[in-house]
Amino acid sequence: MQRELRRSLDGMVVPGSPRPYFMLYALRRVHALRLRAAHGALLRSRDQTHAHIYADVRVGSHKFDNVIDGGLGEGAEERESNDWIDAPDDLNLQALQIALWKLTQLKFDEALEDYYDHKKATLSEYLRDEVSAMTRERPIVHREVLHHDDFPRAAWERVLVDLSRRFLQHPEIYDPGISLSAERVHRWLVTSEGTQVLTEDVFIQIGIEGWVLTEDGVYVEGSRQLYLRAVEEVPDRATLERALDEVIVELAQLREAESPGAFIGPALLSGQAASTLFHEALGHRLEGERLVARGESKTFARKKGERILPPGLNVLDDPTMTHCGKEPLWGSYRVDDEGVPARRTLLVEDGVLRGFLQSRTPVPGSEHSNGHGRHDGVERPMARMGNFVVEGIAGQGETWEALKLRLAELARFQGRRQGVIIRRILAGETSTADYDFQVFKGVLAEVHLVDATTGVSRRIRDVELIGTPLAALQRIVAFGRDSETDQGFCYAESGSIPVSGIAPPILLSELELQQSSTTGYHDPLLPPPFADDGSRGRKGGLRSRGKRRKPV
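Residues numbered from 1 in each chain as written. Predicted model: local features only at pLDDT ≥ 70, side-chain atom pairs only at ≥ 80, totals over all residues. Heavy atoms only, no water.

**Side note on the overall build of the chain**
Within the chain, the secondary structure is distributed over 8 helices and 23 strands. Here the C-alpha atoms of the chain give a radius of gyration of 26 Å, agreeing with the 24 Å that 2.2 N^0.38 yields for 552 residues. With the C-alpha coordinates of the chain rotated into their principal frame, the extents come out at 80 × 55 × 45 Å. Residue pairs at least 24 apart in sequence account for 77% of intrachain contacts in the chain once pairs closer than 6 positions are excluded. For the chain, the exposed surface amounts to about 25,200 Å²; the carbon and sulfur share of it is 49%. Side chains of the chain give 71 positive and 83 negative charges; the mean places of these two sets differ by 2 Å. (Helix = DSSP H or I, 4+ residues; strand = E, 2+ residues; numbered from the N terminus. Rg over C-alpha atoms; globule rule 2.2 N^0.38 Å. Contact = heavy atoms within 4.5 Å. Areas by Shrake-Rupley, 256 points an atom, 1.4 Å probe, with all protein chains shown as cover. Lys, Arg positive; Asp, Glu negative; His and termini not counted. Charge placed at Lys NZ, Arg CZ, Asp CG, Glu CD.)

**Describing empty space enclosed by the protein**
Applying the stated criterion across every chain yields a total of 10 cavities of 30 Å³ or more. Within this model, the largest cavity holds a volume of roughly 120 Å³. As for the largest cavity, its lining consists of 14 residues, of which V67, G70, E130, S132 and T361 are closest to the centre. Split into classes, the residues belonging to the lining of the largest cavity amount to 6 nonpolar, 4 polar and 4 charged. Space inside the second largest cavity adds up to approximately 90 Å³. As for the second largest cavity, its lining consists of Y54, A55, D56, V57, N66, E74, R79, K107, E110, A111, D114 and R380. Elements supplying a minimum of two residues to the lining of the second largest cavity: β2 (41-59) and α2 (93-124). (1 Å grid on protein atoms, 1.4 Å probe; cavity = no way out; pocket = protein on both sides within 12 Å on 5 of 7 lines; lining within 4 Å. Points joined across faces, edges and corners; volume = space filled by probe spheres on them. Nonpolar A, V, L, I, M, F, W, Y, C, P; charged D, E, K, R; others polar.)

**Digging into the environment of L180**
Checked against the element boundaries, L180 lands in strand β4 (residues 174-191). For L180, a relative accessible area of 3% puts it in the buried group. Along the sequence, L180 and I204 sit 24 residues apart, while their C-alpha atoms lie 7.2 Å from each other. (Buried < 20%, exposed > 50% of the residue type's maximum accessible area, 1.4 Å probe, protein only.)

**Digging into the pairing of strand β19 (residues 463-467)**
Within β19, 4 of the 5 residues are buried, which leaves it mostly tucked inside the rest of the structure. As judged from the 4 bridges shared by strand β17 (residues 440-451) and β19, these two strands associate in the antiparallel manner. Bridge assignment links K441 to a residue of β19, and that residue is I466. Both β19 and strand β23 (residues 506-515) contribute to a ladder of 4 bridges, which runs antiparallel. (Pairing = 2+ DSSP bridges.)

**Some details on the environment of V463**
Counting through the fold element by element, V463 comes out in strand β19. You can call V463 buried: its relative accessible area is 5%. In this structure the C-alpha to C-alpha distance between V463 and D65, which are 398 residues apart in sequence, comes to 47 Å. Other than its neighbours up to four places away in sequence, V463 contacts S259, P260, L444, V447, L513, Q514, Q515 and S516.

**Quick word on the packing of aromatic side chains**
Think of a pair of aromatic rings as described by two things: how far the centres are apart, and how the planes are tilted against each other in angle. Enumeration over the complete set of coordinates arrives at 8 aromatic pairs. For the pair Y115 and Y116, a centre-to-centre distance of 5.4 Å together with 85° between the ring planes defines the contact as edge-to-face. Seen from their ring centres, F151 and W156 are 6.0 Å apart, and the 25° between their planes marks the pair as stacked. When its relative accessible area of 9% is taken as the criterion, W156 is described as buried. Each residue in the set F203, Y227, W330 and F489 is aromatic and connected to the rest through ring pairs, giving one cluster. The ring centre of W84 lies 4.9 Å from the NZ or CZ of K102, which sits over that ring. (Phe/Tyr/Trp six-rings, centres within 6.5 Å; stacked < 30°, edge-to-face > 60°. Lys NZ or Arg CZ within 6 Å of the ring centre and 35° of its normal.)

Structure follows, in C-alpha cells:
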C-alpha cells in the first residue's frame, strides 16, 4: 500500500492542473458470521470473508482543494470509483496493488472535476462558513496484533436452534427469530504524511425478536438486543433463555396493551431512552462538517459559549472508553478513519456549549481534528459520534423514585391526568438539512402511562416520540444519578458505523407522542402449520379474521 501510494503521489500529474498534496489508502478485511434460527430450525448460517479498499486523493492545498461542504454531498454510490473498491479476499499483494492503482486513477479524475466545481462555486456564491480545506496532523504509527481464529459457529448454532424451539409453543408470535451476527474487522491505513495504522475490532450482536397482532389490527414488536466486543463475552445459554422469556412476556403484554393515539405532557425517560434522544437532538448537530456545509441548518454553529442544556449536565464523546461498568461499548476505537488518534472531547460543560466533534475538516475556531473522522469504509469520513456520553455533575442527580414523584407533580401542575414513562427506545432518526423541518423521531419499545393522582401505570403501544431539538433540550427539568447505555449502528452521510450512548434518566416538562401505525391488518386465514389441530384454527381461537376491534 505504501509503495503504490508513493508511486501514485509522484505520478498523478496533469499539466496545468493541481497535483495531489495528500493521499490516503485504507483496506478493510471483514470476516463475518451470520446466524438466525426460528421454530427449531437454522434459517441462516453464512460464514464469509470479504475485503474492500478506500482511497482519498486531495488535489490543491491544505487551504483549498477538491472537497466542498466537508464532503457531505459527495455520495460514493453515484461515482464510477465505487465500482472498483473490491480487494482480493486472499490479500494477494500484486492483486491489491493493481486494485489500488485502478481506484486511484478514478479518484484522481474525480478529484480534479470536484476541484474545478469548487472553484466555480467560489465565483458564483460566497461560501461564508468555509474555513480551509484540511487540517495538518502529526503522523502516527499504530499497530495491533491480528487474530484469525474461527468463530465457534457450531456451538452457537446449537444454542440458537435449541432456544428457538420455544416459539413452537407460541403460535400467536409472528416472524420470531434469534439471530447472531459476528464480525472481525482488520483495517490497514497509510497516508502520504507517513501515518501507518493496523487495527483489529470484533463486533457481536445477538437479537431476539417477534411480532404480535393486536385486537385493532396493529403489528407490534418485542425484542432484546445484546452488543458485545469479544467472543468471550457471549453469554451462556441460561442468560439467553432469560432474555427470550422476557421477549415472550413482553409480547403478551403488548398484545393486550392499548394505544392512546397521541399524547402530550410531562415525560420521564430512562437512561437508554434519554441517550437516544440526546443522540438525535444534539449529537448529530455537533458534527463538525454540519457547521461549514451549505444546506445544513447549523443549529449550534453560533452558540459556542452559550447555554444549550440545563445546569449540571456535561456532554462529551470519548472513543477511548471500552466499557460502561461491565458493559462493552461498540463506539470505542483507538485511531479514527483518517489516521488521527481517538480523543476524549468535551462538548458541553455544565450546560454550556464548549466544542464540536471534528474530523480533518476545519471548522470556525479550530484547525485540528479531535479524532472523530469515521466512515463505513466506502463514503468520505466525517466527524461522527463514538461513545457519546451525557453525565450529571456529581451530587446533582436524583433517584429514579424521586423523578417518578416529580413526574406526577408536573402532570398535576399542568392540569393533566397522566404523565408518560419511556423505558426503551428501539431506534431514532433526525434531519439536519436547512430545507427540511428541524425535527427528530424515536421508535418506542416500552412506554407506560402513569396516573398523576394514584401513580398507577399501564403499558401502551403504537406510539413514537417527535420533537424539535432546541425545544426538547430546553424542557429538561431534572436528571437522574445512574447511567444506562444505548448501542447499535448509526447512519449518516459517511455510512453506517457502530456507536454507543451513555446517559442518565431525564425528566421533560413536555414531550409529544404520535400514533405510529397507519394501516390495520387481518389475522392470517390459517394458523401456522405446527399449531393447526385439524380445525384450521377454529378450536384454538387462532382464526378470527374480520373480527378486529375498532380503536376507541
